[in-house]
Amino acid sequence: MTTPVDLGRPLVRLEEVDSTNRVAAELAAQGAPEGTTVVAEAQTGGLGRLGRAWSSPRGGLWLTTLLRPPAAVAESVATLALVGGVAVAETARRLIAGPGPTPEVRVKWPNDVHLNGRKVAGVLGQVHPPGVVLLGVGLNLNVFPDDLPAEVRPLATSLAQEAGRSFDPEGALGTLLDELSAWYGRWLAEGFAPVRRRCLELTATVGRTVWVSGPGLDFTGEALDIMDDGALLVRSGGRDVVIRAGDVSVRAR
Ligand code: BTN
């Protein structure tokens, strides 16, 4: 039987902060329990993957949840970040469901969520020794293009922009915490397999031609699979390459 997990207890609500991941790291160091979640209305120094900044104006859902997984954290962080990606994708699907054309929600490896082909959310998994993984989620809820820096506008979207209506932030927070709890609970009980399966059903990456970039990486290939440890398997020039870090852009069909 799956042990129920209740992420979001305790819930620390902040109006404005530099980064919810930074606050959650401080709470972790003070011994905060698993499930402690920090949510802010706006961030002034939001952190993205690969040391990038994450624009976090009011209207978005910016939170970090603190996990104390039983397995070695350094080995778990990639699969836990995909737990976050799947949970956010399911949240977006639930929130935007309704009459009209079905919006396309996809998980782009490693942990972006795309809505109708543009990025609507990102997940940042950080290891915080000893034994803590901080899962930061940024979801563009009621955010509009003018709220975002010019360089990200063409690539980003929000739930409100795609749905043509705004969303209740409290309802969205509840849905996100439900989905994070459910998928983390599954990961604890059954391992990465069910998360990987759902990731592959929702993938924007596997089966596509991708461009891989990052430190020491710059090539094009075919994304073949997500591996048991959350890495991406890419075939390039007849060789299979395992990608654990870096950026993957999906080439237009
Ligand atoms: C990415 O680069 O796609 C990951 C973005 C993660 C942003 C979220 S917003 C809440 C949490 N606090 C942060 O400073 N970053 C994460």
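Residues numbered from 1 in each chain as written. Predicted model: local features only at pLDDT ≥ 70, side-chain atom pairs only at ≥ 80, totals over all residues. Heavy atoms only, no water.

*Asks:* Sorry, what's going on with helix 2 (residues 73–96) here?
*Replies:* Owing to its 3.6 residues per turn, the α-helix aligns residues three or four sequence positions apart on the same side. For helix 2, spanning 24 residues, the distance from its first C-alpha to its last is 33 Å, which sits close to the expected 34 Å at 1.5 Å a residue. By the largest-angle criterion, T79 marks the main kink of helix 2, which is about 30°. For helix 2, a buried count of 19 out of 24 residues is recorded, marking the element as mostly surrounded by other parts of the structure. (Helix = DSSP H or I, 4+ residues; strand = E, 2+ residues; numbered from the N terminus. Expected span 1.5 Å × (residues − 1). Bend = angle between axes of the 7 residues up to and from the residue. Buried < 20%, exposed > 50% of the residue type's maximum accessible area, 1.4 Å probe, protein only.)

*Asks:* Hey, could you run me through the nonpolar core in this one?
*Replies:* As a rule of thumb, nonpolar side chains are buried together in soluble globular proteins. Grouped together as the largest cluster of nonpolar side chains are 56 residues, with contacts concentrated most on L159 and L232. Considering each element in turn, this core owes the most residues, 12 residues, to helix 2. Two domains share this core, each providing at least three of its residues, namely domain 1 (11–201) and domain 2 (209–250). Beyond its immediate stretch of four places on either side in the chain, L159 contacts A92, L95, I96, L115, V120, L139, N140, L141 and F167. A24, A28, A32 and V38 belong to the second largest nonpolar core, which has 12 residues in total. (Core = buried A, V, L, I, M, F, W, Y, C linked by side-chain atoms within 4.5 Å. Domains from an automatic or database assignment. Contact = heavy atoms within 4.5 Å.)

*Asks:* Explain the sheet that holds strand 12 (residues 247–250) here, please?
*Replies:* Backbone hydrogen bonds are what pair the strands of a sheet, in a parallel or an antiparallel way. Spatially, 5 strands are ordered 11-10-9-8-12 in an open sheet, and the strand pairing comes out antiparallel. Among the strands making up the open sheet, the edge pair consists of strand 11 (239–243) and strand 12. Neighbour-to-neighbour, the strand axes of this sheet turn through a mean angle of 45°, independent of strand direction. Here 5 bridges tie strand 10 (residues 232–236) to strand 11, and the two strands are oriented antiparallel to one another. (Pairing = 2+ DSSP bridges. Axes fitted to C-alpha atoms, helices over the stretch in contact; angles between N-to-C directions.)

*Asks:* Looking at this model, I keep getting lost on the domain arrangement of the chain. Mind explaining?
*Replies:* Frequently, the measure chosen for interface size is the accessible area that the parts lose on association. Taken domain by domain, the chain comprises domain 1 (11–201) and domain 2 (209–250). Inter-centroid distance (C-alpha atoms) of domain 1 to domain 2 is 23 Å. Listed as interface residues are 12 residues of domain 1 and, on the opposing side, 15 residues of domain 2. Of all residues in domain 1, K108, W109 and R196 give up the largest surface area on contact with domain 2, accounting jointly for 53% of the area buried on that side. (Buried area = accessible area lost by both parts, 1.4 Å probe.)

*Asks:* Would you mind going over the site of the ligand with me for this structure?
*Replies:* Close contacts around the ligand come from 20 residues, with S19, T20, L47, R49 and K119 the closest. Contacts to the ligand include N21, whose side-chain N or O atom sits 3.4 Å from a nitrogen atom. Contact between the ligand and K119: an oxygen atom at 2.6 Å from a side-chain N or O atom of the residue. Summarising the interface, the protein chains cover 98% of the accessible area of the ligand, which totals 410 Å² for the free molecule. Looking at the shell around the ligand, the elements with two or more residues in it are helix 1 (20–29), strand 3 (61–67), strand 6 (118–128) and strand 7 (132–139). Sorting elements by how many residues they give to the shell around the ligand places strand 6 first, with 4 residues. When the residues that make up the shell around the ligand are grouped by side-chain class, the tally is 7 nonpolar, 10 polar and 3 charged. (Near = heavy atom within 4 Å. Polar contact = N/O pair within 3.5 Å; in protein donor to acceptor, adjacent residues only side chain to side chain. Areas by Shrake-Rupley, 256 points an atom, 1.4 Å probe, with all protein chains shown as cover. Nonpolar A, V, L, I, M, F, W, Y, C, P; charged D, E, K, R; others polar.)

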